[in-house]
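Breakdown of the fold
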Amino acid sequence: EYREECILALQTVATSGAVSRGDFVRMTGLGERTGRACLSRFLKDGLLRPAGDASHRSEVGIGFPISSLNVLFPSLYPEAATAVID
């Protein structure tokens, strides 16, 4: 569902820590518009979150939304794949 280039940038944030939004877009290696679309999608899905203040210019760090734990950690809590989360 996500572009491979975006996943690689997300993994970098997960292992290295928060980065500026511009750096995240550059890490994808995609064009500005496509890279920003990936960033927006990750923010919307909760996989990235604003680090520090919640302004549109803040750095972004990794997020762990409860609804995606079965995707992020499929073997850690297999029952989550069948749980209904509102």
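Up top is the structure.
Just so it is clear, the model here is predicted, and its values are computed rather than measured. (Residues numbered from 1 in each chain as written. Predicted model: local features only at pLDDT ≥ 70, side-chain atom pairs only at ≥ 80, totals over all residues. Heavy atoms only, no water.)

1. Description of a nonpolar patch on the surface
Heads up, the condition is: Two joining distances apply to patches: 9 Å for like charges and 5 Å for nonpolar side chains (Val, Leu, Ile, Met, Phe, Trp, Tyr), and every residue must have over 30% relative accessible area and no salt bridge. In short, Shrake-Rupley with a 1.4 Å probe defines the accessible areas, and a residue's cover is counted only from the protein chains shown. When a carboxyl oxygen of Asp or Glu is within 4 Å of a side-chain nitrogen of Lys or Arg, the pair counts as a salt bridge. Secondary structure elements are taken from DSSP: a helix is a run of H or I of four residues or more, a strand is a run of E of two residues or more, and numbering for both begins at the N terminus.
Residues F64, F73 and L76 make up a contiguous nonpolar surface patch of about 340 Å² in total accessible area. Positionally, L76 belongs in the segment after α4 (69–72).

2. Considerations on the state of the cysteines
Selection rule: Note on disulfides: each one is a pair of cysteine sulfur atoms within 2.5 Å. The cut-offs for exposure are 20% and 50% of the maximum accessible area for each residue type, with area from a 1.4 Å probe on protein chains only; residues under the lower value are buried, those over the upper are exposed, and the others partly exposed.
Under the defined criterion, the tally for this structure stands at 1 disulfide. Paired through a disulfide, C6 and C38 show a sulfur-sulfur distance of 1.9 Å. Because the sign of the S-S torsion sets the handedness, a value of about 50° for the bond joining C6 and C38 places this disulfide among the right-handed ones. Highlighted residues: C6 in helix α1 (residues 4–16) and C38 in helix α3 (residues 32–45), separated in sequence by 32 residues. Per residue, the accessibility class of C6 equals that of C38, and both read buried.

3. Here we look at α1
Since the α-helix turns once every 3.6 residues, residues separated by three or four places project in the same direction. Note the cut-off: What a helix is expected to span follows from its residue count: subtract one and scale by 1.5 Å. Think of the arc as the fan of directions from the helix axis to the C-beta atoms. Two residues form a contact once any of their heavy atoms are found within 4.5 Å.
Relative to the 18 Å expected for 13 residues at 1.5 Å per residue, α1 spans 18 Å between its end C-alpha atoms, a close match to the ideal helical length. Within α1, burial applies to C6, A9, L10 and V13. Seen along its axis, α1 keeps its buried residues to an arc of 100°; they face one direction. In this structure, α1 carries E4, T15 and S16 as exposed residues pointing more than 90 degrees from its buried face. Contacts made by the buried residues of α1 are with α2 (21–28), α3, β1 (48–51) and β2 (59–62). One or two positions beyond α1, positive phi appears at G17, with a value near 105°.

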